[in-house]
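Fold and contact review
Single-letter residue listing:
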Amino acid sequence: LTKVKVFFQFSAAGALFAHRVETQTLQLDISHSWIQYFEYTYLVFTCFYFFDLVYRIGKGFPTYLQNFWCYVNACSIIASIGCFGIWYFYMPTLDTFRQTRLFQDYTNFDNRSATFGFYIVTSSFAVFTIYLRMLQFLGHTRSRVVLLLRTITFSAGNIIIYILYIGVIFIGFSTFALTNFSNVSANFTNPWVTFVSTFSLFMGDLSVMDGFNTPLKVPFMWLFMFFFFFLSVQMFNAIINYAYNRVSEDMKSVFQREQLEKQLKKKTKAGRDGRMFWPFPFGRKPKGQEELAEDGVTFGGAVKGPDLTTLDPGVRQKVEEYRERDTKKSAKDGLCTACVYFLMVGCYIGFLYVNMLVEEKNQLRLAVEAVVRNTEVEMPLPFGKTAAQSWDDISTWSQVASWMRVGLPAIIFNSTAQAFMETSTTQQLISSGMNCLRSWNCLITGASQNQTDGSQNIARITQKRSKRMQNRGSRSSATPEDERFVGGFDDSGEEIQGILVNESGFFQIIHPDVANAAEDADLDFQLLHQNQLLCQTVGAGAGSYRQSGGIVCELSSDAATFREQMDALLGNGNETNRSFFVKESASFVIELVAHNPNRDMLSYIVMTFYQTPAGKVHKDIRVFSLALFGWDVGVDKLGYFIGRLVPGAIYMTLVVAFTIMLYQEMQTEHTRRSVAESAEKGNSLFTTIFTFFASDVFRPVDAISYLMSFWSFVLFILWLVKEGDLQQ
């Protein structure tokens, strides 16, 4: 019997978050004519080992309980007996499925399937412990196996302690990656995926860092790889090598005895064959303790240090300073201080988690990116042909223009919200006229700054152009005429002393977010549509993408008007008779703003195109989401506010407390140094501060952490103030 389950899980962003098919199969006919005899034999031997274990525990109690193999054998026997119990409880229930139709009840089927799954887990554990017990038998036959087992046992404690230490740092790196890379990479979408990605990076898999670019990507990767892939691996090797050498020294007598036994067997065999061997050992006899004592070598007793009174005063001062070096270190933190610190760390991580909402933001980002990437539209190809192409197929500047004209309206106005609104017979959840991506990410409209008819705009396009440069076959005017590139030869064979290509081009990449010397900042461009200003040139600081200036076009929220405006952009402009898409166009940025009512999040959607002087087109999609507090409904969301603000309040209170403790410790150090040192030398505050932070590496780390905490708290307050100023 097979039960098939098909799951479809949609996120609050409207995207198909997960879909999978699960099958549960039960074999009804499990009877065998001869395999049961093997089961009975296995049960008999398992019972034998059970009584043997009980005998050994009783004979060697309680010393035998300290043996590791005692617990391995006990777990193996319990798992084996458990397998038999589960199996013979499971078999009779299958007869009811063959004789009746109880399997039609999903509850009975799921119970049988869960029982069989538990049997598989138990039997797997039994098989694993059986193979472990083989090492115990090998350890009684080969000394090298004992060496391996003792090495693992001796190094296990140090390895666990070291793993705990680096685990804290590993969690810090994972949290850093989750915070900084979650909005640009699918490998860091949630804590578990981030943990798997960082662990893959620890194992040397660099592919998890592909597909995105951020300023902190390279520093993070280099620091992580140096600390974990290089330093930590060497530390593991050092721990294992130390344990191996230590155990080898302890077992040296065992190896020597085995070597002597082998030599004795060989000599005995040689003697039996009639061969003679020298019965006396070569070399000098090692000295005994009495002889070594006569030589001045003693055993046992405490090692006495030298008498400092016999030393030179300068040397004695150095020795005393060396002996007192530990007294100048900072005092160890108590258990209460450590618990409070972990509470502070937990509150801060919880504060970040509930306010950044990384997983929810990633769901929105993936939903919007899926809409943009999966939308296919008919775009023209060479020789008058057309084909359905998507975002990933864009590779030329002409395809960018075609996609903006056809693909952008298809993304904005091919909304599922309208169909959802029409099929809803109870309550209209989405107001009429809204355009939403994946049903729930509804695009926000706003009044135009250029138009005076009060129409609402839904998208903004910012273009940057390169400067017009006269192309005479040379980069520099100092190049001689006869050395310049020319345009070839005419029909008569005369050299064409004209321009090579055209009269414009650009020699630098003009990024859309920053100003560039190659950008044409003096351009005066205007484009009208129905006697309303559609596009115009704005300077830096005005309403444009990142306020970097350029040609800004604001497009209407009405579908018909939007398409007419796109046709106007592809056609001619006003009286200057210049088109919007020209060969000097270096970059385009499309901006949209959406709101998700399920998560109460604002999403800023940015689609960027820019080309290099070689003609290669770069494109990118960025979605920046902001979780709103909802100050207008504060009473209804009081519990929500408390959950988002209380962890931060506790964290900042503890930060202030630890900052005061650090200051008091520094003040105590300054007082101690002032009393200890003579008045002639003097003791300035700056000297104390430098010595205080230089003597312990964790003190400057704590100070920097506290300063960054205060600065992040100020930024959070400014964020709340800015959100309160948003128009509802």
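See the structure shown above.
The text that follows walks through the structure, step by step, so that each part is easy to find. (Residues numbered from 1 in each chain as written. Predicted model: local features only at pLDDT ≥ 70, side-chain atom pairs only at ≥ 80, totals over all residues. Heavy atoms only, no water.)

Strand direction decides the pairing type here: strand S1 (residues 2-10) and strand S2 (residues 16-25), joined by 9 bridges, are antiparallel. What sits directly across from Gln9, in S2, is Ala18. Where S1 folds back on S2, the antiparallel hairpin that results is connected by 5 residues, among which Gly14 adopts a positive phi of roughly 90 degrees. (Pairing = 2+ DSSP bridges. Helix = DSSP H or I, 4+ residues; strand = E, 2+ residues; numbered from the N terminus.)

This brings us to the nonpolar core. Core analysis: the largest hydrophobic core is formed by 45 residues, its most contacted members being Trp403, Leu569 and Phe580. If you tally residues by element for this core, the top one is helix H12 (residues 397-413), at 9 residues. Ranked by size, the runner-up nonpolar core spans 21 residues in total, among them Ile166, Phe181, Phe188 and Val208. (Core = buried A, V, L, I, M, F, W, Y, C linked by side-chain atoms within 4.5 Å. Buried < 20%, exposed > 50% of the residue type's maximum accessible area, 1.4 Å probe, protein only.)

This part is about the packing of aromatic side chains. Evaluation of the coordinates by the stated rule reveals 42 aromatic pairs. When the ring of Phe173 is compared with that of Phe224, the centres are 5.3 Å apart and the planes differ by 80 degrees; the resulting orientation is edge-to-face. A residue pair is termed long-range when its members are at least 10 positions apart, and Phe173 in helix H4 (residues 143-181) and Phe224 in helix H6 (residues 217-250) qualify at 51 residues. Of the two residues, Phe173 and Phe224, both sit in the buried class. Residues Phe351 and Phe716 carry aromatic rings whose centres are separated by 5.0 Å and whose planes lie at 70 degrees to one another, so their mutual orientation is edge-to-face. Of this pair, Phe351 sits in helix H10 (residues 335-356) while Phe716 sits in helix H17 (residues 698-724); the two residues are 365 residues apart in sequence, bridging distant segments of the chain. Given a relative accessible area of 12%, Phe351 falls into the buried group. One Lys or Arg, Arg133, reaches over the ring of Tyr49 and ends 4.7 Å from the middle of that ring. Directly above the ring of Phe212 sits Lys217, whose terminal nitrogen or CZ lies 5.0 Å from the centroid. (Phe/Tyr/Trp six-rings, centres within 6.5 Å; stacked < 30°, edge-to-face > 60°. Lys NZ or Arg CZ within 6 Å of the ring centre and 35° of its normal.)

With that settled, consider the state of the cysteines. Counting across every chain of the model gives 2 disulfides. Across a sulfur-sulfur distance of 2.1 Å, Cys436 and Cys442 are joined as a disulfide pair. Its S-S torsion of approximately 90 degrees makes the covalent link between Cys436 and Cys442 right-handed. By relative accessible area, which is 1% here, Cys436 ends up buried. Cysteine pairing in the protein follows 1-2, 3-4, where each cysteine in a disulfide is numbered by its order in the sequence. For Cys336, which is in no disulfide, the shortest distance to another cysteine sulfur is to Cys339 and amounts to 6.7 Å. (Disulfide = S-S within 2.5 Å.)

Looking now at the packing of H12 against helix H14 (residues 559-570). Between H12 and H14, the least distance of the axes is 10 Å, while the angle of their chain directions is 170 degrees. For the element pair H12 / H14, the angle class is roughly antiparallel. Note on element contacts: H14 touches H12 through Ala559, Phe562, Arg563, Met566, Asp567 and Leu570, opposite Ala401, Met404, Arg405, Leu408, Pro409, Ile412 and Phe413. Residues belonging to the contact of H12 with H14 are distributed by class as follows: 10 nonpolar, no polar and 3 charged. (Axes fitted to C-alpha atoms, helices over the stretch in contact; angles between N-to-C directions. Parallel < 35°, antiparallel > 145°, perpendicular 65-115°, else oblique. Contact = heavy atoms within 4.5 Å. Nonpolar A, V, L, I, M, F, W, Y, C, P; charged D, E, K, R; others polar.)

With that settled, consider the environment of Phe224. Residue Phe224 is classed as buried on the basis of its relative accessible area of 0%. Along the sequence, Phe224 and Phe202 sit 22 residues apart, while their C-alpha atoms lie 7.8 Å from each other. What Phe224 contacts, discounting residues up to four positions off in sequence, is Phe170, Phe173, Thr198, Leu201, Phe202 and Phe229.

Our focus in this paragraph is the packing of H4 against helix H5 (residues 191-202). Interaxial distance between H4 and H5 falls to 9 Å at its minimum, and their mutual angle equals 115 degrees. Relative to H5, H4 is oriented so that their crossing is right-handed. On the side of H4, the interface is formed by Phe170, Ser174, Ala177 and Leu178, while H5 contributes Pro191, Thr194, Phe195, Thr198 and Phe199. Class assignment for the residues of the contact of H4 with H5 results in 6 nonpolar, 3 polar and no charged. (Left-handed = near helix turned anticlockwise from the far one by under 90°.)

Attention now moves to a nonpolar patch on the surface. On the surface, a cluster of nonpolar side chains totalling about 640 Å² of accessible area is made up of Trp711, Phe713, Val714, Leu715, Ile717, Leu718 and Val721. Relative to the helices and strands, Val714 resides in helix H17. (Patch = residues over 30% accessible without salt bridge, like charges linked within 9 Å, V, L, I, M, F, W, Y side chains within 5 Å. Areas by Shrake-Rupley, 256 points an atom, 1.4 Å probe, with all protein chains shown as cover. Salt bridge = Lys/Arg side-chain N within 4 Å of Asp/Glu carboxyl O.)

Right, let's get into the pattern of salt bridges. Enumeration according to the criterion identifies 11 salt bridges in this entry. The salt bridge involving Asp567 is made with Arg405; its shortest N-O contact spans 2.6 Å. You can see Asp567 sitting in helix H14 and its partner Arg405 sitting in helix H12, a full 162 residues away along the chain. Overall, Asp567 belongs to the partly exposed group, its relative accessible area being 37%.

This brings us to a positive patch on the surface. Among the surface-exposed residues, Arg144, Lys262, Lys265 and Lys266 lie close enough to one another that they form a single positively charged patch. Locating Lys265 in the fold gives a position in helix H7 (residues 252-272). What makes Lys265 exposed here is its relative accessible area of 63%. (Lys, Arg positive; Asp, Glu negative; His and termini not counted. Charge placed at Lys NZ, Arg CZ, Asp CG, Glu CD.)

On to helix H11 (residues 358-374), then. Think of an α-helix as 3.6 residues a turn; residues three or four steps apart then line up on the same face. The first and last C-alpha atoms of H11 sit 24 Å apart over 17 residues, in line with the 24 Å expected at 1.5 Å per residue. Buried residues dominate H11, accounting for 12 of its 17 residues. Three or more residues of H11 are buried, namely Val358, Glu360, Asn362, Gln363, Leu364, Arg365, Ala367, Val368, Glu369, Ala370, Val371 and Val372. (Expected span 1.5 Å × (residues − 1).)

On to the environment of Ser155, then. Mapped onto the fold, Ser155 is located in helix H4. Ser155 sits in the buried class, given a relative accessible area of 4%. With 87 residues separating them along the chain, Ser155 and Tyr242 place their C-alpha atoms 8.2 Å apart. Among all residues touching Ser155, those that are not within four sequence positions of it are Ile239 and Ala243. Among the polar contacts listed, one links the side chain of Ser155 to the backbone oxygen of Thr151, at a separation of 2.8 Å. (Polar contact = N/O pair within 3.5 Å; in protein donor to acceptor, adjacent residues only side chain to side chain.)

In this section: the pairing of strand S8 (residues 456-465). Counting buried positions along S8 yields 8 of 10 residues, so the element is predominantly enclosed. Note that strand S7 (residues 446-447) and S8 share 2 bridges and pair antiparallel. Along S8, the bridge assignment pairs Ala447 with Gln456. Both S8 and strand S12 (residues 585-596) contribute to a ladder of 6 bridges, which runs antiparallel. Counted as the bridge partner of Arg465 is Ser585 from S12.

In this structure, the amide linkage connecting Phe61 to the following residue, Pro62, adopts the cis form with an omega of -5 degrees. Even without being a glycine, Asn531 presents a positive backbone phi close to 60 degrees. With respect to the helices, strands and loops of the structure, Asn531 is situated in the loop between strand S9 (526-529) and strand S10 (532-538). Of note, Gln547 is a non-glycine position whose phi angle comes to about 50 degrees, a positive value.

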